[in-house]
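Observations on the model geometry
Given next are the chains, with one letter for each unit.
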Amino acid sequence: MQHTTTQDTLVGLFVASGIAGLFFLALHVSNLSSFSDQDSYVITARFENSGGLKVKSPVSAAGVKIGKVTSISFDTKTYESVVQMNIDAKYNTLPDDTTASIFTAGLLGEQYVNLEPGGSEEYLKPNGKIEITQSAIILEKAIGQFLFKSAEEKK
Amino acid sequence: MAFCNINDNRLTYLRVVVQNSPFRIDKQLKLRMVNSVSSQNNLVSVRNLTFSRGSKKIFDDISLDFQRGKITAIMGPSGTGKTTLLKLIGGQLFPERGSIFVDGQNVHQLRRSDLYDLRKRLGMLFQSGALLTDMTVFDNVAFPLREHTHLPESMIRTLVLMKLQAVGLRGARDLMPNELSGGMSRRVALARAIALDPMMILYDEPFTGQDPISMGALVHLIKSLNTILGLTSIIVSHDVHETSVIADYIYVISEGKIVGQGTPAEIQQSDSEWVQQFMTGAADGPVHFHYPAKEYVDDLLSSGKRY
Amino acid sequence: MIQLIQNLGKSTRVSFTKLGRASYFLIQIIFGITSVLVRPRLLLNQLYSVGVLSFLIITISGLFVGMVLGLQGYYTLSDFGAEETLGVMVAASLVRELGPVVSALLFAGRAGSALTAEIGLMKATEQLSGMEMMAVDPVKRIITPRFLAGLISMPLLAGLFSAVGIIGGEMIGSGLLGVDEGAFWAQMQAGIDFYDDIINGVIKSVVFGFIASWIALFEGYDAIPTSEGVSRATTRTVVNSAFSILGLDFILTALMFGDN
């Protein structure tokens, strides 16, 4: 009871540092700061095969993360994979002939959507569609093709 | 906090009438009538109390009365549950059968908040003192005042110093409980017990383990507090001489029964062998020196199991 | 054989009555919360002895755990040429598991055992029943502030543990072993989700704080009031807290991260 003021100070420091630790985790460690859903717009792309792409996979252009995948669904009519993406609102100058491809980060890394801007003067609008897409490279398919090719060459 | 007025008997009774069924009222009424007839002047009355711990009967159908303004002592050998009796009076334990009335209220039928209000008017001095070890002497005495009143700190200081002065420890206010001797901590505990100006103080073995000087100081304190503040005191003790000096009335309890009662003079003259043994401290008598065992010779000569 | 069944029955009965007492105790604690909020001073004192005094052990352990994770992670990941993901690995294991669990175990050892011993000794020296006789409810006055302090301290301590651990992992990873610092943080931020990882970690630590404080206070309050009884109760606090924390961790992990 005697050392009330020092005790108060120490408790204050403790609580402050605890909260600082949690804030550090929230802002520095997690993805909270890098992207928020509020100021973003939606675009969709149709892929023949979206491979191992998942919800929350990154969307990047020229290697910079500009958004993330929000949903992946299967279109029962066209038998295509419909990928919906949230793009950060400040990147609103993507041309409407942008190409979307699914790449893999590193040999075993996760898959992401890469946007390759075209030369059009028109920009993609919110809820716009990307027409030109390139599907994910399926490793088994690629190896199969490679083996097939090398067998042909041997003949 | 201090809704002491609610404790008024009539109000309590009124509530009983309002809340309970007719049958219940009858029972309550009878109890009260018995109570008022037999014990107009009794602050505490114990009626047909039975209490056991495990299979051992600590109290077997005993009745005791404690008069207002008097010092009543309960004596008996160690292990007769004298402390248990104080806890029963304070409502910390529940009796198996029988009832205890404190100031007209049946302690074990009170609601929790009423019981707490009653306890504010009781002071209890524990054998160990039961001081809160993380506070100074001053804070210990101030504790009940801070918990139960909204007095300003300056007033609390005055009250605490007055109570400490009464037990002669005003100079020790900044010490911690572990810096006090046994006698001193008991005196601090006494100051704390009288902090709220109770109507009654329960002393649990106040003289045990004290040197003659602090024993004398405690005897003097208990006596003078009782007369000056007009308290009612219940002392539980097995220190025959000190207790005989200050008590107005003595109950001697053994094996759950009252074996003797009366003023100290009457007790001294008691023709009960048991009481005589207790008062004179003879080693052997109705209470045997040996714990029950089989015959000594048989025990020595038998092969015996290894333990 | 019959003896065996009898013993089983007896121990079941004993543990059920104990569980009942513990639940009743918890209800009393919860009813005491309002009276503590009126007197924040009580809570503040306990935040000091429960939280501040655990601060040092938690931060130092966090630092070392993070550094070890940095080392071990680096050696394992460099076999796959994936050193850049060291940040994710360190952060994910700290935020999801090690932060809440290890800090809760340390908390049970440091603060929990102290609480049990304190309450048990207060009981043994008749301080609790003395309070009761002074018409002060010991649960409201003594137990609830300590319970709330544990509940508040635990997430803060777990957060500190993880934060310091990540810094320790970064010190080793990019300071000593040469993982690119930008990659370390970038991969971490890409890999750790605020809701899935951080919030779930905080929820875990709140649950652990709840259970560890409850066990510690109950064991103290329920202790046999002798020196041996208190020492046994203290041991039981540490053992039971550790079991409950690890068991609950499994359940919580299965619930939180199961569908991913």
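Here, every reference points to the structure presented above.
Residues numbered from 1 in each chain as written. Chains lettered and ligands numbered in written order. Predicted model: local features only at pLDDT ≥ 70, side-chain atom pairs only at ≥ 80, totals over all residues. Heavy atoms only, no water.

Helix and strand counts for chain B stand at twelve helices and ten strands. Within chain B, buried positions represent 49% of all 307 residues. Of all intrachain contacts in chain B linking residues separated by at least 6 positions in sequence, the fraction that spans at least 24 positions is 61%. As displayed, chain B has an accessible area near 15,700 Å², and 56% of this comes from carbon and sulfur atoms. (Helix = DSSP H or I, 4+ residues; strand = E, 2+ residues; numbered from the N terminus. Buried < 20%, exposed > 50% of the residue type's maximum accessible area, 1.4 Å probe, protein only. Contact = heavy atoms within 4.5 Å. Areas by Shrake-Rupley, 256 points an atom, 1.4 Å probe, with all protein chains shown as cover.)

Let's shift gears to the interface of chain A and chain C. With 23 residues of chain A in contact, the opposing surface of chain C contributes 29 residues. Both faces considered, chain A and chain C share a buried interface measuring about 2,400 Å² in area, 73% of it formed by carbon and sulfur atoms. Among the residues of chain A in contact with chain C, A:F14, A:L25 and A:V29 are the three that bury the most area, contributing 25% of the side total. On the surface where chain A and chain C come into contact, there are one salt bridge. Our enumeration of links across chain A and chain C arrives at two residue pairs in polar contact (both at pLDDT 80 or more). (Buried area = accessible area lost by both parts, 1.4 Å probe. Salt bridge = Lys/Arg side-chain N within 4 Å of Asp/Glu carboxyl O. Polar contact = N/O pair within 3.5 Å; in protein donor to acceptor, adjacent residues only side chain to side chain.)

Another aspect to go through is a nonpolar patch on the surface. There is a patch of nonpolar side chains on the surface, built from A:L139, A:I143, A:F146 and A:L147 and spanning about 450 Å² of accessible area. Mapped onto the elements of the fold, A:L139 is located in helix α2 (residues 139-154). (Patch = residues over 30% accessible without salt bridge, like charges linked within 9 Å, V, L, I, M, F, W, Y side chains within 5 Å.)

Residue and element names in this part refer to chain C. Where helix α3 (residues 40-78) meets helix α6 (residues 138-176), the closest approach of the two axes is 6 Å, and the angle between their N-to-C directions is 25°. One element, α3, and the other, α6, form an angle in the roughly parallel class. In this structure, α3 meets α6 at a crossing whose hand is right-handed. A breakdown of the residues in the contact of α3 with α6 according to their chemical character gives 20 nonpolar, 13 polar and two charged. (Axes fitted to C-alpha atoms, helices over the stretch in contact; angles between N-to-C directions. Parallel < 35°, antiparallel > 145°, perpendicular 65-115°, else oblique. Left-handed = near helix turned anticlockwise from the far one by under 90°. Nonpolar A, V, L, I, M, F, W, Y, C, P; charged D, E, K, R; others polar.)

So, on to the sheet that holds strand β10 (residues 257-262) of chain B. Residues and elements named next belong to chain B. One open sheet holds the six strands; their spatial order is β6-β7-β8-β3-β9-β10, and the pairing between them is mixed. In this open sheet, the two edge strands, each paired with only one partner strand, are β6 (122-125) and β10. Averaged over all pairs of adjacent strands, the angle between their axes in this sheet comes to 15°, without regard to strand direction. As paired elements, strand β9 (residues 249-254) and β10 share five bridges and run antiparallel to each other. Paired with S254 across the strands is K257, a residue of β10. Together, β3 (71-75), β9 and β10 form the strand contacts of helix α11 (residues 273-280), whose direction differs from that of β9 by roughly 105°. (Pairing = 2+ DSSP bridges.)

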